[in-house]
Amino acid sequence: MGDLIDQLREGLPAEAVLTDPDVTASYARDMAGFCPAGSPAAVVLPRTTEQVQHVMRTATALRVPVVPQGARTGLSGAANATDGCIVLSLVKMDRILEIDPVERIAVAEPGVVNAVLSRAVAEQGLYYPPDPSSWEQCTIGGNIGTASGGLCCVKYGVTAEYVLGLDVVLADGRLLTTGRRTAKGVAGYDLTRLFVGSEGTLGIVVRAVLALKPAPPQQLALAAEFPSVAAACEAVRRIMADGHAPSLLELMDATTVRAVNSMARMGLPETTEALLLAAFDTPDPAPALAAVGELCAAAGATQVVPAEDAAESDLLLQARRLSLPALERLRPATMIDDVCVPRSRLAAMLDGTAAIAREHGLTIGVVAHAGDGNTHPVVCFDPADPDESRRALESFHRIMALGLELGGTITGEHGVGLLKKEWLAREAGPVALEVQRGIKAVLDPLGLLNPGKVLDLPAAE
Ligand SMILES: Cc1cc2nc3c(=O)[nH]c(=O)nc-3n(C[C@H](O)[C@H](O)[C@H](O)COP(=O)(O)OP(=O)(O)OC[C@H]3O[C@@H](n4cnc5c(N)ncnc54)[C@H](O)[C@@H]3O)c2cc1C
């Protein structure tokens, strides 16, 4: 331990190496429940690529595991410390290095907060679409680590579609540059994509070249109230089948609507069983909004309320962004599922989730990126009650099983981390797992990078 701290300090300023156990303990975990977290030997906060390389060379020389972290808003335990590890927090590498309107790219360090980048590019008439609800906290490095999504993905796609190139410090400290700055490029294997969603298990992202779009017009939204979740899902099916391209298509169930009202007094309609929010960011969104309103009515909506202006649309969006924090207030703890199913199976997924909640005697609020088929059932429980905790864990797993039965995936955007490792094995199958382990062995032969996350590596752990 003494050796480790001394060697880390040889290449880092004193204030960048934290060892006070009270301080290091505060870096032990992300926001996922039910995931073990160990005690780090040290937390390091590098400001340069060279300092990250020094950390990785030291870790390799001394065989110490390294857990990369962004803002720790992750929901799968992927940023949780292991005993004796170095927590490598990238939050101080937070410079936007370049915004280029001609190439339509931004170059950013990993600690840049998503909303900070979005606002900076907006000042130049540009748009960085990936917008997780946690955008005011989460970092570009964490977004790349988890391949995160957000509200606008139904039209613009997820983080993976916007990462053109990366600088990555490998486990042994070498610097790998992947990808391109050009609009096109197919030279060699797509190593960039390999690192997106790798949850810090393959290398440390220290710089990212990100694609930008021209800023679209301000979006205008509508809210539609439905007598059942199934009717709202039918509206989603009709909207997508009719060829519309909403910039947002989100669903909140009755539990979520009430939770948001009780937290933020938003005045959302409490009699509805499901609230569907749809928005368009085209120059004249009125005709598309009217058509979608009609489709909602045909699917059984009892009320369709278009926002009067951009400010009212923003309020609806804000209500949606508050859903997870609001549901988290219902019970002392929550587990947040992230199952993504084909859009045509969304109603079956949500009805099945409600049945699982009833069978287990639990509150499970559901908020969904409905246009993507990506549901977030939030299992609310009291960890001090062993029976309730057992039921919560059981229902969390039943929801993933249901997602797979319906042809979906166990994670649309939150990643595997610690929480869903056994489910990855079920979803991917033995051949895919073997290939993934092979890739891990090439890039991290000593198994030092974020050990125990995503895949189990029997030989290294
Ligand atoms: C209220 C709330 C709402 C949320 N809404 C959404 C949502 O709408 N969509 C969505 O996708 N997610 C959402 N999330 C989950 C979370 O915010 C995202 O997963 C986010 O991308 C995590 O970013 P972070 O900076 O907090 O990363 P962390 O949680 O610190 O890390 C996430 C993963 O990335 C790895 N990592 C971090 N930085 C690096 C790096 N530089 N190099 C290599 N690996 C790295 C870590 O090891 C870890 O595996 C939400 C979370 C909360 C709490």
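Above: the structure in question.
Residues numbered from 1 in each chain as written. Predicted model: local features only at pLDDT ≥ 70, side-chain atom pairs only at ≥ 80, totals over all residues. Heavy atoms only, no water.

Here we take up the sheet that holds strand β15 (residues 303-306). Across the sheet, 7 strands lie side by side as β15-β12-β14-β13-β17-β18-β16; this open sheet has antiparallel pairing. The sheet terminates laterally at β15 and β16 (333-336), the two strands that pair on one side only. When strand polarity is set aside, the average angle formed by the axes of neighbouring strands in this sheet is 15 degrees. Sitting on the sheet, helix α14 (residues 386-405) is in contact with β16, β17 (363-369) and β18 (374-381), with an inclination near 170 degrees to β18. (Pairing = 2+ DSSP bridges. Helix = DSSP H or I, 4+ residues; strand = E, 2+ residues; numbered from the N terminus. Axes fitted to C-alpha atoms, helices over the stretch in contact; angles between N-to-C directions. Contact = heavy atoms within 4.5 Å.)

Turning next to the environment of Ala37. Within the secondary structure layout, Ala37 lies in the loop between α2 (21-25) and β2 (42-44). Along the chain, Ala37 and Gly77 lie 40 residues apart, while their C-alpha atoms are 8.1 Å from each other. When neighbours within four sequence positions are excluded, Ala37 is seen to be in contact with Ala28, Arg29, Asn80 and Ala81.

Time to look at the site of the ligand. Around the ligand, a shell composed of 36 residues is seen, among which Pro68, Gly70, Thr73, Ser134 and Thr139 lie nearest. In the model, an oxygen atom of the ligand is placed 2.7 Å from a nitrogen or oxygen of the Pro68 main chain. Between Ala71 and the ligand, the recorded distance is 2.9 Å, taken from a backbone N or O atom to an oxygen atom. Expressed as a share of its isolated accessible area of 990 Å², the protein-covered part of the ligand is 97%. At a threshold of 2 Å from the grid points, most atoms of the ligand map onto the largest pocket. Contributing elements (two or more residues each) for the shell around the ligand: β3 (66-69), α5 (140-146) and β10 (204-211). (Near = heavy atom within 4 Å. Polar contact = N/O pair within 3.5 Å; in protein donor to acceptor, adjacent residues only side chain to side chain. Areas by Shrake-Rupley, 256 points an atom, 1.4 Å probe, with all protein chains shown as cover. 1 Å grid on protein atoms, 1.4 Å probe; cavity = no way out; pocket = protein on both sides within 12 Å on 5 of 7 lines; lining within 4 Å. Sits in = over half its atoms within 2 Å of the grid points.)

Just geometry here; none of it tells us what the structure is for.
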